[in-house]
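Chain by chain, the residues run as shown.
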Amino acid sequence: MFNTILKGIAVLCLFASCAKSGYNETTVYNSNFTTGDASGLEGAIYYTFNGAKVLGRYNNGGFTLNLNNLPKHKAIQIEVVPYFHNSWDGNNNYGGIDGPDIWDMNVDGQEIVHSTFSNSPCEPLYCLFQSYPVRYSTVNNPPMTDAVKTFGGTDDNCSGINTTSMYRIVKTISHSKSSVKITCRDFLVQTNVPNSLCDESWSMASIVVKLINIP
């Protein structure tokens, strides 16, 4: 329903100013982490990937972004650009040894994304499917579905899969509180390797948070 309202507002903006349509937005957070500024972040660590500083890498971990003293608003839009490095195995669940590989984002404790991701090759007789862009369940989507770009793996890659998939995930939800807590973390399973971090991990290239007001 909320997305339908936003689409209607977008149409109005083609013919009149957004102010007249009653829509406005304010960016309250925009970082690609190049400066290493950890303001508002809990669990921030840094890594250089593909020549740029990113937030990460994480394996069975993550971070929380806390934003306070927000102006009045009716909704919040969150845009994140995560990198999934090396051998993410998607929906695979091999006896609790290898997968499922889940990534999660929640806002004030509300689940926004809870999906598996896969970088593994997909052959006719063997394919490690992922759930994204759907919530983790019995849905089987091909590896790297909706990825916007791919790179090589990390320098310490020990997985045999030399792939990093990049996604752009944008979520808009109803929200009116004066503070927000955005948590991103993984639930990776890879118990049959000596170093799980070099086998599979993730990082965050950028986060943009906008407040949206619909009077």
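The text that follows walks through the structure, step by step, so that each part is easy to find. This is a predicted model, so every value here is computed, not measured.

1. Regarding the sheet that holds strand β2 (residues 41-42)
- In space, the five strands of this open sheet follow the order β2-β5-β14-β7-β8, with antiparallel pairing throughout. Among the strands making up the open sheet, the edge pair consists of β2 and β8 (110-116).

2. Some details on the nonpolar core
- Counting residues in each nonpolar core, the largest one holds 33 residues, and the members touching the most others are Phe63, Trp103, Met105, Trp202, Met204 and Ile207.
- Residue assignment for this core shows that the elements contributing at least two residues are β4 (52-58), β5 (62-67), β6 (75-86), β7 (102-107), β8, β13 (169-174), β14 (180-187) and β15 (200-213).
- The element best represented in this core is β15, accounting for five residues.
- Counting residues in hydrophobic clusters, the runner-up holds eight residues, among them Phe49, Val81, Tyr83 and Ala205.

3. Things to note about unusual backbone geometry
- Cis geometry is adopted by the peptide bond preceding Arg57, which originates at Gly56 and carries an omega value of 0°.
- The omega torsion of the bond from Tyr132 to Pro133 falls at 15°, within 30 degrees of zero and hence cis.
- Examined against the element boundaries, Pro133 turns out to sit in the loop between β10 (126-127) and β11 (149-151).
- Positive phi is not limited to glycine here, since Asn86 has a value of about 70°.
- Relative to the helices and strands, Asn86 is located in strand β6.
- According to the relative accessible area criterion, Asn86 is buried, its value standing at 0%.

4. Quick look at the environment of Cys184
- Structurally, Cys184 is set in strand β14.
- Separated by 70 residues in sequence, Cys184 and His114 place their C-alpha atoms 10.0 Å apart.
- Apart from the residues lying within four places of it in its own chain, the contact partners of Cys184 are Gly61, Gly62, Phe63, Trp103, Asp104, Met105, Trp202 and Met204.

5. Focus on the packing of aromatic side chains
- What the rule picks out here adds up to 16 aromatic pairs.
- Taking 6.4 Å as the distance between ring centres and 85° as the angle between the ring planes, the aromatic pair formed by Trp88 and Phe117 counts as edge-to-face. With Trp88 in the loop between β6 and β7 and Phe117 in the loop between β8 and β9 (122-123), the pair connects residues that are 29 residues apart, well separated along the chain.
- The exposure class assigned to Trp88 is buried, which follows from its relative accessible area of 0%.
- With centroids separated by 5.7 Å and ring planes inclined at 80°, the aromatic side chains of Trp103 and Trp202 adopt a geometry described as edge-to-face. One end of the pair, Trp103, is in strand β7; the other, Trp202, is in strand β15, and 99 residues separate them in sequence.
- According to the relative accessible area criterion, Trp202 is buried, its value standing at 0%.

Reading the values: the criteria
- Residues numbered from 1 in each chain as written.
- Predicted model: local features only at pLDDT ≥ 70, side-chain atom pairs only at ≥ 80, totals over all residues.
- Heavy atoms only, no water.
- Pairing = 2+ DSSP bridges.
- Helix = DSSP H or I, 4+ residues; strand = E, 2+ residues; numbered from the N terminus.
- Core = buried A, V, L, I, M, F, W, Y, C linked by side-chain atoms within 4.5 Å.
- Buried < 20%, exposed > 50% of the residue type's maximum accessible area, 1.4 Å probe, protein only.
- Contact = heavy atoms within 4.5 Å.
- Phe/Tyr/Trp six-rings, centres within 6.5 Å; stacked < 30°, edge-to-face > 60°.

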